[in-house]
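A closer look at the structure
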Amino acid sequence: MELSYILADPSGNTTAFVLSPVAPDDYGPVARMVMEQLNAEQVAFVHDGRMDMMGGEFCGNASRSYALWQALRRPDGLSLKPLQGVMEQTVRVSGAPHPLTVTLRGDGSSLHASIAMPLPRRVLPLEDPFLGPCTLVEYPGISHVLLENREPHADDPAAVREILETLDAEDGCFGLLYLEDNALRPRVLVRDTCTDVWESSCASGTCAVAAALSLRQNTSLSLELVQPGGSLMACATVEDEKLTLLTLDGPVTFPASGILSLPPEGEGGTAQP
C-alpha cells in the first residue's frame, strides 16, 4: 500500500496527515504502521474535505495544522505556499460537532495558527483515593484528567480509566495531564490504535488546564504551558461562572512529505520524500 502524507510539527506534537484514501475500518492498523515508519506521535486521515483523527478524537494541534494545509496547499498536496499576513480558514474535524474557524498568521517563513476550541462537556473536580485531588475535563471524543504536582505512577492509567467508566465519560481516548507550575507533561492513550504516547505537546490538554483553572478561580485567564516539544498558549473566558470561550495558539512547521510504502502488518516499510 502506498500513501501520500505530509508531516506536521505543532510544538513537537508530530502529526502525520494521510492524504490517500483509507477505509475507516483500517484506521487503527494503518495508523500504527504510519506512526512507526514516520516516528509520529499521532495520525490523521484527510478525506472529503474533513480530517479524522486515528481514534476519532478531537485534536487542537492537528486541527490547527490541518487548517494551514487546507489554506496553503499546492496542487500536489505535499507542499505549502508561504503566508504573509493573517487569514482565516474553516475546517471540519473529528470530535467537533460544528466547523471550526482557525486564524492563520505568517511572515513569509514561519507559521502560527490560533483556533477557537470546542468547549468541554463538563469540568468536574474530583477526589480519588489513589490519585488524590484531580479534575476531569471531558471533550467530545477525548477526556483529560488533570493531575497537579504528582509524579507519574505505573497504575495511573488504570485509575483514570476507572474514573471515566464510573462517570460514564469518554474513555476511548483519554489523557493524563501532569501539571507542575507552568510545565505540562501530557500522556494520551487511544484504544482503537492501542497506543500510549507521552506527547511532546497537547492542544486539548493545554485548553483543559486553562478550563479547569479558570473555572476554579472563576475568572478569565491566559496561560502559556511549557511542554517537552515547545510551548502552547491558551486563553479561557469565564462569564457568570460559565466557560464561554477557549482559544489555543502556537507555531506549526511541516518538516516532511512524500509517499509512504506500507507492507502487510508486521513487516517493514519505507518513506519516500
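On a predicted model such as this, the values are computed, not experimentally measured, just so you know.

1. Topic: the environment of leucine 119
- Along the chain, leucine 119 turns up in the loop between strand 7 (111-116) and strand 8 (122-128).
- Overall, leucine 119 belongs to the partly exposed group, its relative accessible area being 35%.
- Separated by 88 residues in sequence, leucine 119 and cysteine 207 place their C-alpha atoms 9.2 Å apart.
- Not counting chain neighbours up to four residues away, the residues in contact with leucine 119 comprise Tyr139, Pro140, Leu243, Thr244, Leu245 and Leu246.

2. Topic: the packing of aromatic side chains
- One pass over the structure, following the stated rule, counts four aromatic pairs.
- With a centroid separation of 4.0 Å and 5° between ring planes, the pair formed by tyrosine 27 and phenylalanine 45 is classed as stacked. In this pair, tyrosine 27 is assigned in helix 1 (residues 27-38) and phenylalanine 45 in strand 3 (residues 42-47), connecting sequence segments 18 residues apart.
- Three or more aromatic residues link up through ring pairs in this structure, and these residues are Phe17, Tyr66 and Trp69.
- Seen from the ring of phenylalanine 130, arginine 150 lies directly overhead, with NZ or CZ sitting 5.0 Å from the centre.

3. Some remarks on the side chain of glutamate 57
- Within the element layout of this structure, glutamate 57 appears in the loop between strand 4 (50-53) and helix 2 (60-72).
- An unpaired buried charge is present at glutamate 57: no salt bridge exists, and arginine 50, the closest side chain of opposite charge, is 11 Å distant.
- Reaching out from glutamate 57, the side chain makes a polar contact with the backbone nitrogen of glycine 55 at a distance of 2.9 Å.
- In this structure, glutamate 57 is in contact with Ser94, Gly95, Gly141, Ile142, Cys173 and Val190, ignoring residues within four places of it in sequence.

4. Here we look at the pairing of strand 3
- Where burial is concerned, most of strand 3 is hidden: five out of the six residues are buried.
- In this sheet, strand 3 lies alongside strand 2 (residues 15-18) in parallel orientation, the contact comprising four bridges. In the sheet register, threonine 15 faces strand 3, and the bridge partner there is glutamine 42.
- Here four bridges tie strand 3 to strand 4, and the two strands are oriented antiparallel to one another. Note on strand 4: the bridge partner recorded for phenylalanine 45 is aspartate 52.
- If you look at the hairpin formed by strand 3 and strand 4, you'll find two residues sitting between the two strands, and aspartate 48 has a positive phi there, around 50°.

The rules we used
Residues numbered from 1 in each chain as written. Predicted model: local features only at pLDDT ≥ 70, side-chain atom pairs only at ≥ 80, totals over all residues. Heavy atoms only, no water. Helix = DSSP H or I, 4+ residues; strand = E, 2+ residues; numbered from the N terminus. Buried < 20%, exposed > 50% of the residue type's maximum accessible area, 1.4 Å probe, protein only. Contact = heavy atoms within 4.5 Å. Phe/Tyr/Trp six-rings, centres within 6.5 Å; stacked < 30°, edge-to-face > 60°. Lys NZ or Arg CZ within 6 Å of the ring centre and 35° of its normal. Lys, Arg positive; Asp, Glu negative; His and termini not counted. Salt bridge = Lys/Arg side-chain N within 4 Å of Asp/Glu carboxyl O. Polar contact = N/O pair within 3.5 Å; in protein donor to acceptor, adjacent residues only side chain to side chain. Pairing = 2+ DSSP bridges.

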